[in-house]
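Coordinate inspection notes
For reference, the chains in residue letters:
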Amino acid sequence: MRCNGFMTMQSLVFCYFFVKSIALLNIYFPNNTTKLYNLLGNTVFILILIFVVGMFVDPDTFYRLTHGGEEARLGGYIMNPNELGMLAGVGVACLIFDLYRKHHTVWTIVKLIIIFYALYATGSRSSLIGALLIIYFHISQSDKKQLKALIIAGMLIIAPVGIFG
């Protein structure tokens, strides 16, 4: 139990100093274009892309059979599928901000589609629900009623397929 608490503390200290270094970068170099959400979003995308390519190149390594061999989940023995799903949720949360600032919009949408495909392939329902909640919170702040209605309707259609399918 003490070891688990120590590892948690190490993770918190690492995260604090990582975010603090990005904040200091913004303070001492106010004209820099490095944004934490962009850095994390692109890093998550590259990691997810490795898993998506790996599932086609070496499915025995990148898939894990669960539920008595009835279901194959992306992540394999490299990473727990639920953790990979949570990582995909972090990528979604970060890359959405690139859509706000209209930063390579088409490329960002392609990245989000690949991340959502990987999220679906992990079979992690909790991570899918988390990603849909992130999108809901972003869209609920929008003033565009038609866009808001369209995305919420799409989420209502996609959610049952991803959660129960």
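With respect to the overall build of the chain
A tally of helices and strands in the chain yields 7 helices and 2 strands. From first element to last, N terminus to C terminus, the chain shows the α and β order α-α-α-β-β-α-α-α-α. When its C-alpha atoms are laid out on the principal axes, the chain stretches across 55 × 50 × 35 Å. Here the chain holds 165 residues, and the buried ones make up 29% of them. Long-range contacts, defined as pairs at least 24 residues apart, comprise 51% of the intrachain contacts of the chain with a sequence gap of at least 6. For the chain, the distance from the average site of its 12 positive side-chain charges to the average site of its 7 negative ones is 16 Å.

Remarks on the packing of aromatic side chains
In this description, an aromatic ring pair is defined by two values, namely the gap between the centres and the angle between the planes. Evaluated as defined, the whole model comprises 7 aromatic pairs. Taking 5.1 Å as the distance between ring centres and 75 degrees as the angle between the ring planes, the aromatic pair formed by Tyr-16 and Phe-17 counts as edge-to-face. Note on Phe-17: relative accessible area 51%, which makes it exposed. An angle of 85 degrees between the planes, with centres 5.6 Å apart, marks the rings of Phe-51 and Phe-62 as edge-to-face. Linking Phe-51 in helix α2 (residues 36-57) with Phe-62 in helix α3 (residues 59-62), this pair joins segments that are 11 residues apart in sequence. Ring pairing ties together the aromatic residues Tyr-37, Phe-97 and Tyr-100, which thus form one cluster. Sitting over the face of the ring of Phe-45, Lys-111 holds its NZ or CZ atom 5.9 Å from the ring centroid.

Notes on a nonpolar patch on the surface
Among the surface-exposed residues, Met-9, Leu-12, Val-13, Tyr-16 and Phe-17 lie close enough to one another that they form a single nonpolar patch of about 540 Å² accessible area. Relative to the elements of secondary structure, Tyr-16 occurs in helix α1 (residues 2-28).

Points about the side chain of Thr-66
Along the chain, the position of Thr-66 falls in strand β1 (residues 63-66). Those residues in contact with Thr-66, other than ones at most four positions away along the chain, are Glu-71 and Arg-73.

Notes on helix α6 (residues 125-140)
Compared with the 22 Å implied by 1.5 Å per residue over 16 residues, the 22 Å span of α6 between its first and last C-alpha is a close match. Along α6, the positions that sit buried rather than exposed are Ser-127, Leu-128, Ala-131, Leu-132, Ile-135, His-138 and Ile-139. In an axial view of α6, the angular spread of the buried residues amounts to 135 degrees, which keeps them on one side of the axis.

Looking at the environment of Leu-87
Relative to the assigned elements, Leu-87 resides in helix α4 (residues 81-100). Separated by 37 residues in the primary sequence, Leu-87 and Ser-124 have C-alpha atoms spaced 11 Å apart. If near-sequence neighbours (up to four positions away) are discounted, Leu-87 is found in contact with Val-44, Leu-47 and Met-79.

Re the nonpolar core
One finds Ile-48, Leu-74, Val-92 and Ile-115 to be the most contacted residues of the largest nonpolar core, which totals 24 residues. Secondary-structure elements contributing two or more residues to this core are α2, α4, α5 (105-122), α6 and α7 (145-164). The element that contributes the greatest number of residues to this core is α2, accounting for 6 residues. In this structure Leu-74 touches Phe-51, Met-55, Phe-62, Tyr-63, Pro-81, Leu-84, Ala-118, Ala-121 and Thr-122, once residues within four positions along its chain are discounted.

With respect to the pairing of strand β2 (residues 71-74)
Across 4 bridges, β1 lies against β2 in antiparallel orientation. The residue of β2 that forms the bridge with Thr-66 is Glu-71. Between the end of β1 and the start of β2, which pair antiparallel, lie 4 residues, with His-67 showing a positive phi angle near 55 degrees.

What counts, and where the lines are drawn
Residues numbered from 1 in each chain as written. Predicted model: local features only at pLDDT ≥ 70, side-chain atom pairs only at ≥ 80, totals over all residues. Heavy atoms only, no water. Helix = DSSP H or I, 4+ residues; strand = E, 2+ residues; numbered from the N terminus. Buried < 20%, exposed > 50% of the residue type's maximum accessible area, 1.4 Å probe, protein only. Contact = heavy atoms within 4.5 Å. Lys, Arg positive; Asp, Glu negative; His and termini not counted. Charge placed at Lys NZ, Arg CZ, Asp CG, Glu CD. Phe/Tyr/Trp six-rings, centres within 6.5 Å; stacked < 30°, edge-to-face > 60°. Lys NZ or Arg CZ within 6 Å of the ring centre and 35° of its normal. Patch = residues over 30% accessible without salt bridge, like charges linked within 9 Å, V, L, I, M, F, W, Y side chains within 5 Å. Areas by Shrake-Rupley, 256 points an atom, 1.4 Å probe, with all protein chains shown as cover. Salt bridge = Lys/Arg side-chain N within 4 Å of Asp/Glu carboxyl O. Expected span 1.5 Å × (residues − 1). Arc of directions from axis to C-beta. Core = buried A, V, L, I, M, F, W, Y, C linked by side-chain atoms within 4.5 Å. Pairing = 2+ DSSP bridges.

None of this, on its own, says anything about what the molecule does.
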